[in-house]
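Coordinate analysis (summary)
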Amino acid sequence: AAFFVVLNQYRYLGDQAWTGTGFAGLPPVAAAVPENWSLWTSIVLFVLAAATDALDGFLARRWKVESAFGRILDPFCDKILIIGAFIFLSGPRFVIPMKAYEHAFLNMVSGVYPWMVCVILARELLVTAIRGELESQNTRFPARLAGKLKMILQSIVVPVVLLFVWLDPLKPGHAWMGWTRDILVYATVIVTFISGWPYVAAAIRALRAARR
């Protein structure tokens, strides 16, 4: 909750701002105010949340205290953290004003776009529905390796994107940040989509076994 509250304070301004009738330049200090604290604080909070989530799963397996409740609640918390972060990163606070004014196709300083959130959300809803149905039939349906690797990648990419936004990839000499950011974000979307297949295949096998 703290992560989302702090991240909500950020607004990318760059050196241009929309006044209602046109763009006006902003003093460098004013343009830099949002990135002085909200982004690095968000990075710290996100890393802490992801680390404690990983620790929770590790201890549950080590102490052999896994349960149906945990198998349902843990992925739920993962989804809130990751999807929530992607929703914010694709929101208007990360729009590059001048790019949006020019109707540019790539106009997000975060590199994350609403269609990416739709793909990630669709995958997560599908897996959640499959897990809920099988768990209701007393069929154990833990996280698969693909899902864990997907979560690790997402947990790395989100703070990296926030870091790049903090450093501002549009500044002279920072173009490599934009390319790196885009590669990471698109790779995350592709891996997230593909990682849903093992769950679908496992569900199909489980349902066939139940019929037999």
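Use the structure listed above.
In this report, we go over the structure that sits alongside the text. (Residues numbered from 1 in each chain as written. Predicted model: local features only at pLDDT ≥ 70, side-chain atom pairs only at ≥ 80, totals over all residues. Heavy atoms only, no water.)

All right, on to the pattern of salt bridges then. Pairs can form between side chains of opposite charge once their charged atoms are near each other. One pass over the full model with this rule turns up four salt bridges. Notably, a salt bridge pairs arginine 123 with glutamate 124, separated by 2.8 Å at the nearest N-O pair. Side by side, arginine 123 and glutamate 124 carry an identical accessibility label, which is buried. Across the pair lysine 150 and glutamate 124 runs a salt bridge whose closest N-O atoms are separated by 2.9 Å. Linking lysine 150 in helix 7 (residues 145-167) with glutamate 124 in helix 6 (residues 114-136), this pair joins segments that are 26 residues apart in sequence. You can call lysine 150 buried: its relative accessible area is 7%. On the basis of relative accessibility, which here comes to 4%, the residue glutamate 124 falls in the buried class. (Salt bridge = Lys/Arg side-chain N within 4 Å of Asp/Glu carboxyl O. Buried < 20%, exposed > 50% of the residue type's maximum accessible area, 1.4 Å probe, protein only. Helix = DSSP H or I, 4+ residues; strand = E, 2+ residues; numbered from the N terminus.)

Before going further, it helps to spend a moment on unusual backbone geometry. Here the phi dihedral of lysine 64 falls at roughly 55°; this positive angle occurs in a residue that is not glycine. With respect to the helices and strands, lysine 64 occurs in the loop between helix 3 (38-62) and helix 4 (68-89). Backbone geometry places aspartate 168, a non-glycine residue, at a positive phi of 70°. Here aspartate 168 lies in the loop between helix 7 and helix 8 (175-194).

Bear in mind that shape data such as this cannot, by itself, settle questions of function.
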